[in-house]
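Observations on the model geometry
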Number of protein chains: 2
Amino acid sequence: MIDAHIEALQNLLGEKGLLATASDMAAYETGARYDHGAAAFVARPASTGEVSAVVSYCVRNGIALIPQSGNTGLVSGSTPDDSGRQGVLSLDRLTAPFALDRVNRTVKAGAGLRLSDLNGRLEEAGLFFPIDLGADPCLGGMIATNTGGSRFLRYGDVRRNTLGLTVVLADEDGTVLDLSSGLRKNNTGIDWKQLFIGTSGAFGIVTECVLNLEPLPRQTATALLVPASTEAVPALLVAMEEALGSYLSAFEGMSGNAVRAALDHVASLRNPFQGGIVPDFVILAEISRSSPQREGEQPLDAVLEDVLAAIWEQEGAPLADAFVGPPHEIWALRHGLSEGVKHSGRLIAFDLSFRRGDIMRFLDHMKAEMPKRFADVTICDFGHIGDGGVHFNLVVACDDRRLADPGFEPGLREWVFTAAVETFGGSFSAEHAIGRKNQGFYDKYTPDEIRKLAAGLKSITSPGPLGAMTF
Amino acid sequence: MIDAHIEALQNLLGEKGLLATASDMAAYETGARYDHGAAAFVARPASTGEVSAVVSYCVRNGIALIPQSGNTGLVSGSTPDDSGRQGVLSLDRLTAPFALDRVNRTVKAGAGLRLSDLNGRLEEAGLFFPIDLGADPCLGGMIATNTGGSRFLRYGDVRRNTLGLTVVLADEDGTVLDLSSGLRKNNTGIDWKQLFIGTSGAFGIVTECVLNLEPLPRQTATALLVPASTEAVPALLVAMEEALGSYLSAFEGMSGNAVRAALDHVASLRNPFQGGIVPDFVILAEISRSSPQREGEQPLDAVLEDVLAAIWEQEGAPLADAFVGPPHEIWALRHGLSEGVKHSGRLIAFDLSFRRGDIMRFLDHMKAEMPKRFADVTICDFGHIGDGGVHFNLVVACDDRRLADPGFEPGLREWVFTAAVETFGGSFSAEHAIGRKNQGFYDKYTPDEIRKLAAGLKSITSPGPLGAMTF
């Protein structure tokens, strides 16, 4: 990158707004997991107008930009490649505005605001943005990946909860689209904001958003369920939904391998199972109400116990055992899975989804096939049975020579994705969107007519080089 | 239309598949309200393949097609213009498939299926497609307009509940897009189905859909609420949401004028108000649970009464009076409003939406201004306060000479839309989308950069003449 461009961008953004030394840029060049690139510069605009100016300059000069917000993604979607020719456009100074509309139950916020900060500021009003994740991303990245998380079953994904956006297009003018009305009902042509949700920042840079908020849960009860068999899991889900309706706010699946990894590596966790014996597969079920407990109302713990007892007593019950326990303890186990799995060896992670009836069939198939093909790989899956998502994590022993084989990981990825997409009709990216890590699979699994449309859409919205995804 | 085209289309579709006589076409040429055109023909394909063949033929021969499903729309979006040169593409034979996936809680259905038929067939499974409307449209039209209805507050709109589509593009090949995976989580590029939702059939013809289903409500309680003042309505909504959380499944506003019109013209309705005196503004509140009533659980009627009593006892309470009553009776009043208003005189209807805090401000403003500008027009509004939607209905005495004045209705529409969109930041089409009736307002209120993008998108998806909307 020639110094003239750095200087021009510095003039646009001021000293704090442009970083170009190796030490200043390091954090922006490194992803959340096994991921490192080299940036030409890091631009840190502090307003939509500054984003527009940077984008316009870069498009006119053919400089590629990678938008980055919390940089917690796992598919190399928010870090530069190793060419040293891409600039990072960081949203980290775009934390304003913060405008709560209590009656509309919405907030207008900057795309650089962190999820935990957002929800911290909303707590006093009894509201929250109901996307529950292990990571703590910023809003721009959540929109670019359309994250779902653990309460999708009850609250849906980012798409459902996004009511407005302000977007800068990568065209010569850095055109600003104001799609921020915050209306819940509005059908006056194309809902353009949908194009910027889950599309990895390829079609424009989100600078502000208007989000739907939900009342904070006021009563919660949780249990760990042991299904009668993996085949019984769908019937258990249906039985729970029939008995509990929309009270059911999470129905998470955890493999015994993942649970054991968490118990082994996260010191604060307590083994909740009888005799310490971890079952092969466990469900975390949560029920919750956003209304306070009323006088004379049965506590939710008791409701959950009654419902589970009734299911357990059925002829051919899908439930073998259940432990109702305090939510913080039970969720601690669920939230410890990532950490536990990470410490078990070299991790190769997949973010898959299926129709709900197909998840367990896929998992059983892979459990049967894996030893035949990759004997040294352990499946440590967990995920969101209630919405079809599976974090299909594979742990390879760190001293394994095969890791050094350049064909090993690509071969494994190819095999898993083929089974997920072709055999079971699933998705190869449930909520991580597309980055350099899974670009090849986008190219492979996206039908020609869709790729042609996507390239056409790119050319009419953001023709300039933007984002890690290509068409 | 020359006979050669009719013959060619008849060859493609068979005798039942193409109508061309005046008597056969009459029903397809007439809209649900004050709306009549002249069709060149009515094509009734019975499969996605036949839709593709018809569309391809018409695009190659420059013949414009107007997709039509239930034809219950109110903006002239599904009927031909009066040129006699447009063909109607009816979805009325596209009622297959019907594939319920109990575990996934989805159904794959034909776009020509009627909402009442769909929900009738789902009842046995304890599920429903949760869009509650006065009209009984077919699925294709519901998708093209992204209808919301009376339970939006709880269940959202068609967009939220659409998990997959099969679409035929108006290009020379009649390209079929299979977007029907039915996955709840899937972020592998653009979510193309979003482009066909709420866009009035301009970008493609939906032939099949995969819909999210919800458990049927098992307990319901309703009340009519009299707010302390119109200004108190937002506070009443917030208080109800704080006390009831997601139990609250409807919060509908009804003007006294609309209620009186219903009581006057719908014989089966009973006046529920003390002394028969209809208040100036009434709220219909519904709470519901999709779980069956459990032993020892307080009935929902009692819950609602307790909550209303607590709100009523507050200092400066937003609630003046309330009548808890049986749901069928209270909803009968709500559902009688359209009928009542229709019989009160010449009706000029608007389908507006606002941020929730702005609805009552808009209504109060219009009530104050209307007599000064249009003394002979009565406002009979009702709508969905919980999601910001207002059916802003104006009744003009039928013997009014001004109706004959060609400037009267356009002037009135212009004034209302200007206030709604420019003064109060609302939408001029909340859930009716765009047809010939509001095309002019699309042209007027859509920013240039958005219109340019829309035209570009049209050219890359469906360049052929399709639908009543133009770009």
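**Observations regarding the overall build of chain A**
The number of helices and strands found in chain A is 14 helices and 19 strands. Since a compact globule built from 471 residues should have a radius of gyration of about 23 Å, the 23 Å found for chain A is in line with a globular shape. In chain A, which comprises 471 residues, the share counted as buried stands at 54%. Here the analysis covers contacts within chain A between residues at least 6 apart in sequence; of these, 74% occur between residues at least 24 apart.

**Points about the interface of chain B and chain A**
If you look at the interface, chain B gives 75 residues, while chain A gives 74 residues. Elements with a contribution of two residues or more to the side of chain B that touches chain A: helix H7 (233–244) and helix H14 (448–461) of chain B. Broken down by element, the residue count for the side of chain B that touches chain A peaks at eight residues, all from H14 of chain B. Split by residue class, the side of chain B that touches chain A holds 25 nonpolar, 33 polar and 17 charged.

**Some words on the environment of Arg334 of chain A**
Residues and elements named next belong to chain A. The topology assignment puts Arg334 in helix H10 (residues 327–342). The class for Arg334 is buried, based on 22 C-beta atoms found within 10 Å. For the pair Arg334 and Ala258, spaced 76 residues apart in the sequence, the C-alpha separation amounts to 9.3 Å. With sequence-adjacent residues up to four places away left out, Arg334 is seen in contact with Glu252, Met254 and Leu284.

**Examining the relation of the copies chain B and chain A**
Each copy of the sequence occupies a distinct position, and chain B is placed on chain A by a rotation of 180° and an axial shift of 0.0 Å, giving an RMSD of 0.0 Å. In short, the pair behaves as if placed about a two-fold rotation axis. A share of 99% of the interface residues of chain B reappears at the interface of chain A, consistent with the copies meeting face to face through the same patch.

**A word on the domain arrangement of chain A**
Residues and elements named next belong to chain A. By the assigned domains, chain A splits into domain 1 (3–90), domain 2 (98–215), domain 3 (219–266 + 275–330) and domain 4 (345–433). Here domain 3 and domain 4 have C-alpha centroids that lie 25 Å from each other. Contacts between the two partners involve 15 residues from domain 3 and, on the opposite side, 14 residues from domain 4. Contributing elements (two or more residues each) for the side of domain 3 that touches domain 4: helix H7 (233–244), strand E13 (248–255) and helix H8 (256–265).

**Quick notes on the sheet that holds strand E9 (residues 176–179) of chain A**
Residues and elements named next belong to chain A. If you walk across this open sheet you meet the five strands as E5-E6-E10-E8-E9, and the pairing is antiparallel. On the outer flanks of this sheet lie strand E5 (98–101) and E9, each paired with one strand and no other. Averaged over all adjacent pairs, the angle separating strand axes in this sheet is 10°, with direction ignored. Alignment of strand E8 (residues 162–168) against E9, held across four bridges, turns out to be antiparallel. Residue pairing for E9: Leu165 is matched across the bridge by Leu179.

**Some thoughts on the packing of helix H1 (residues 3–13) of chain B against helix H3 (residues 48–60) of chain B**
Helix-helix packing is described using two parameters, namely the angle between the two axes and the distance between the axes. All names here are of chain B. Direction vectors running N to C along H1 and H3 enclose 165°, while the axes themselves pass 10 Å from each other. As the angle between them shows, H1 and H3 are arranged roughly antiparallel. Note on packing geometry: the crossing formed by H1 with H3 is right-handed. Side by side, H1 and H3 meet where Ala8, Leu9, Leu12 and Leu13 of the first sit next to Glu50, Ala53, Val54 and Tyr57 of the second. Grouping the constituent residues of the contact of H1 with H3 by class yields seven nonpolar, no polar and one charged.

**A word on helix H9 (residues 300–312) of chain B**
Residue and element names in this part refer to chain B. With 13 residues, H9 should cover 18 Å at 1.5 Å per step; its first-to-last C-alpha distance of 18 Å lies within 8% of that length. The set of residues buried in H9 consists of Leu300, Val303, Leu304, Val307 and Leu308. Down the axis of H9, the buried side of the element spans an arc of 125°, and every buried residue falls inside it. On the buried face of H9, the contacting elements are strand E12 (219–227), H7, strand E14 (281–289) and strand E15 (319–325).

**As for unusual backbone geometry**
The residue after Ala96 of chain A, namely Pro97 of chain A, is reached through a cis peptide bond having omega 0°. The phi angle at Ala433 of chain A is positive, at roughly 60°, despite the residue not being glycine. With respect to the helices and strands, Ala433 of chain A occurs in the loop between helix H12 (408–423) and helix H13 (439–445). In this structure, Asn146 of chain B is a non-glycine residue whose phi angle is positive, near 50°. Residue placement: Asn146 of chain B occurs in the loop between helix H5 (139–145) and helix H6 (152–155).

**Regarding the sheet that holds strand E3 (residues 65–68) of chain A**
Residue and element names in this part refer to chain A. Pairing is mixed across the open sheet formed by four strands, whose spatial order is E1-E2-E4-E3. This sheet does not close on itself; its edge strands, each paired only once, are strand E1 (18–19) and E3. Pairing geometry for strand E2 (residues 39–43) and strand E4 (residues 86–90), over four bridges, is parallel. Paired with Phe41 across the two strands is Gly87, which belongs to E4.

**Quick notes on the confidence of the model for chain A**
Overall, the predicted model of chain A reaches an average pLDDT of 95, with 99% of residues at or above 70. Our summary of model confidence lists the complex with pTM equal to 0.96 and ipTM equal to 0.95.

**Quick notes on the environment of Thr145 of chain B**
For Thr145 of chain B, the position within the fold is in helix H5. Taking the C-alpha atoms as reference points, Thr145 of chain B and Ile197 of chain B, separated by 52 residues in sequence, lie 6.8 Å from one another. Contacts of Thr145 of chain B, omitting those with residues within four sequence positions, involve Asn187 of chain A together with Gly73, Gly198, Glu431, His432 and Ala433 of chain B.

**Some remarks on the packing of helix H14 (residues 448–461) of chain A against H14 of chain B**
Where H14 of chain A contacts H14 of chain B, the two axes come as close as 10 Å, and the packing angle between them is 155°. As far as their axial angle goes, H14 of chain B and H14 of chain A are roughly antiparallel. For H14 of chain A against H14 of chain B, the interelement crossing comes out right-handed. Between H14 of chain A and H14 of chain B, the residues in contact are Leu453, Gly456, Leu457, Ile460 and Thr461 of chain A and Leu453, Gly456, Leu457, Ile460 and Thr461 of chain B, respectively. Grouping the amino acids of the contact of H14 of chain A with H14 of chain B by side-chain chemistry returns six nonpolar, four polar and no charged.

**A few points about the pairing of E12 of chain B**
Residues and elements named next belong to chain B. Sheet topology note: the E12/E14 ladder contains seven bridges and is antiparallel. Looking at the pairing, Ala223 lines up with Ala285 of E14. In the sheet, E12 pairs with E15 via six bridges, with the strands oriented antiparallel. When the sheet's bridge partners are listed, Val226 is paired in E15 with Asp321.

**Points about the environment of Arg85 of chain B**
Residue and element names in this part refer to chain B. As for its placement among the helices and strands, Arg85 is situated in the loop between strand E3 (65–68) and strand E4 (86–90). Judged by the 15 C-beta atoms lying within 10 Å of it, Arg85 falls in the partly exposed class. Sequence separation between Arg85 and Ile63 is 22 residues; the distance between their C-alpha atoms is 7.5 Å.

About the criteria used
- Residues numbered from 1 in each chain as written.
- Chains lettered and ligands numbered in written order.
- Predicted model: local features only at pLDDT ≥ 70, side-chain atom pairs only at ≥ 80, totals over all residues.
- Helix = DSSP H or I, 4+ residues; strand = E, 2+ residues; numbered from the N terminus.
- Rg over C-alpha atoms; globule rule 2.2 N^0.38 Å.
- Buried ≥ 20, exposed ≤ 12 C-beta atoms within 10 Å, placed from the backbone.
- Contact = placed C-beta atoms within 7 Å.
- Nonpolar A, V, L, I, M, F, W, Y, C, P; charged D, E, K, R; others polar.
- Least-squares fit on C-alpha atoms with pLDDT ≥ 70 in both.
- Domains from an automatic or database assignment.
- Pairing = 2+ DSSP bridges.
- Axes fitted to C-alpha atoms, helices over the stretch in contact; angles between N-to-C directions.
- Parallel < 35°, antiparallel > 145°, perpendicular 65-115°, else oblique.
- Left-handed = near helix turned anticlockwise from the far one by under 90°.
- Expected span 1.5 Å × (residues − 1).
- Arc of directions from axis to C-beta.
- pLDDT = per-residue confidence, 0-100.

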